[in-house]
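An overview of the molecular structure
Okay, here's what each chain looks like letter by letter:
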Amino acid sequence: MRVLVTGAGGFIGHHLIKRLKADGYWVRGVDLKVPEFEPSAADEFQLLDLRRWADCQQATRGMREVYNLAANMGGIGFIEHNKAVIMHDNVLINVHMLEAAREAGVARFLYTSSACIYPLYRQQTPDVTPLREADAYPADPEDGYGWEKLFSERQCRHYFEDFGLETRVARFHNVYGPLGTFDGGREKSPAAICRKVALATDDGEIEVWGDGSQTRSYCYVDDCVEGVRRLMQSEWREPLNIGQERLVTINELVDMVASAAGKRIRKRHVAGAPQGVRGRSSDNTLVRQVLGWEPSITLEDGLGRTYAWIEEQIAERAATP
Ligand SMILES: NC(=O)c1ccc[n+]([C@@H]2O[C@H](COP(=O)([O-])OP(=O)(O)OC[C@H]3O[C@@H](n4cnc5c(N)ncnc54)[C@H](O)[C@@H]3O)[C@@H](O)[C@H]2O)c1
C-alpha cells in the first residue's frame, strides 16, 4: 500500500516512516527539509511547501493513506512568541491537505493534534486531573497553536461527515526521544534539559524556566508511533490521547536526566520565562478501551536513551573542527 507521511523531515515523521517501512508499506515522505540527523527511510522524498495548494495536490497524488504531521511548531518558547505565523502556516497546511486528500481519493487521513487543545481552565494547578478527550469543550485552548489544532480537528470531523473521508485524530502529549531537535529554539523541555545537562560539568548548574514545579507527562517516540499505527488501523473516528498518565515536575525531570548522565546538577530557576500551563497529563481510559493498549515505555528508560543520543551529538559536534 502507498502511503504519504508529511512532516517527514521532522522528529516524529522520521520515526514513523522507519516503522511504516518495517511494516511493509511503500512510503512517500514530504517536507520543506530533509531529516537533520540521518537519511529518510522513505521510498520517495519530495521537498514541497504544503502551505501551497498545488504542492498538496502533488503530495497526495496516488496515495491510499495520509499521515499528516507537517506543522510549523516548537517548544513553549517558540509557540508563545510566534502565534500569527503558526496559525497562518498550519491552517493553510491542514485545510489544503484535507481537501487535496479528498480530491485524490485517499481512503484514510490521520491528523496529529496536541494536548495544547485542552482548556487552560483545567490546567491551572500542578496536581492537575488527567485530561479526558471529552474535556476539550467548552474550548479554551493554548492561544495560537492550540486554537489551530482544535480548528483542524473539527475540519477532520466535518470531512468525514460531509464527504465520507475516514479521518483519525491523535492528541499527542509531549513526545520525546532520539533524533529530535535539541537546540536552536524549537526544542522541547526533555531535549533542552538533556542538552543543558550534557553541557554542564559534574556539580554544575543549569537554567530551569519558572520555579520547576509545573508538571507534565512525557511519551517516548516509539510509543507515539505505535499509538499512531494502532489508531490509523482502528475504526475510531473521534480524537484520542496518545500520551502517558505519569505526571512529573520539571524539577523531577531535571533530576532524572542528571541521574541518567551520572552528574550532580544544581538548578537556577529563571522567572519570567515561558512555562505554559501549570499542569498537564493524559487520561488513558479511552485509549485503553479503544486500542487495548497505552504507552508503556518508562520515563527513566526513554530519558536514558534520549540523553545518551544528545550527549553523543554534542560530543561529535565538539570533535568536529
Ligand atoms: N513533538 C511533540 O511533543 C508533539 C506534541 C503534540 C503534537 N505534535 C504534532 O505532531 C506533529 C509532528 O511533530 P514533530 O515533533 O515531529 O515536529 P517537527 O517540527 O520535528 O516536524 C514537523 C515538520 O513539519 C515540517 N513543515 C513545517 N511547515 C511545512 C510546510 N509548509 N510544508 C511541508 N512541511 C512543513 C517541518 O519542516 C518539520 O520537519 C506536528 O503536527 C505537531 O504539531 C507534536
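Our subject is the structure listed above.
Residues numbered from 1 in each chain as written. Predicted model: local features only at pLDDT ≥ 70, side-chain atom pairs only at ≥ 80, totals over all residues. Heavy atoms only, no water.

Description of the overall build of the protein
Each helix and strand counted, the protein has 10 helices and 13 strands in total. In terms of its C-alpha atoms, the protein occupies a principal-axis envelope of roughly 60 × 50 × 40 Å. Here the protein holds 321 residues, and 55% of them are scored as buried. Long-range contacts, defined here as pairs at least 24 residues apart, represent 78% of the contacts in the protein between residues at least 6 apart. In the form shown here, the protein has an accessible surface area of approximately 13,400 Å², with 50% of it arising from carbon and sulfur atoms. (Helix = DSSP H or I, 4+ residues; strand = E, 2+ residues; numbered from the N terminus. Buried < 20%, exposed > 50% of the residue type's maximum accessible area, 1.4 Å probe, protein only. Contact = heavy atoms within 4.5 Å. Areas by Shrake-Rupley, 256 points an atom, 1.4 Å probe, with all protein chains shown as cover.)

Structural notes on the sheet that holds strand β6 (residues 166-172)
Strand order in the open sheet formed by seven strands is β3-β2-β1-β4-β5-β6-β11, with parallel pairing between adjacent strands. Each edge of the sheet is formed by a strand with only one pairing partner; in this case those strands are β3 (44-47) and β11 (240-242). Taken pair by pair, the neighbouring strands of this sheet meet at an average axis angle of 20°, ignoring direction. Sheet topology places strand β1 (residues 2-6) next to strand β4 (residues 65-68); four bridges connect them, and they run parallel. (Pairing = 2+ DSSP bridges. Axes fitted to C-alpha atoms, helices over the stretch in contact; angles between N-to-C directions.)

Quick look at the pattern of salt bridges
Tallied over the entire structure, the rule returns 33 salt bridges. The partner of E226 in a salt bridge is R19, with the nearest N and O atoms 2.8 Å apart. One end of the pair, E226, is in helix α7 (residues 221-233); the other, R19, is in helix α1 (residues 11-22), and 207 residues separate them in sequence. Among the ionic pairs, R157 bridges to E161, the shortest N-O distance being 3.1 Å. One end of the pair is R157 and the other is E161, both in helix α5 (residues 145-163) and four residues apart, which spans about a single turn. (Salt bridge = Lys/Arg side-chain N within 4 Å of Asp/Glu carboxyl O.)

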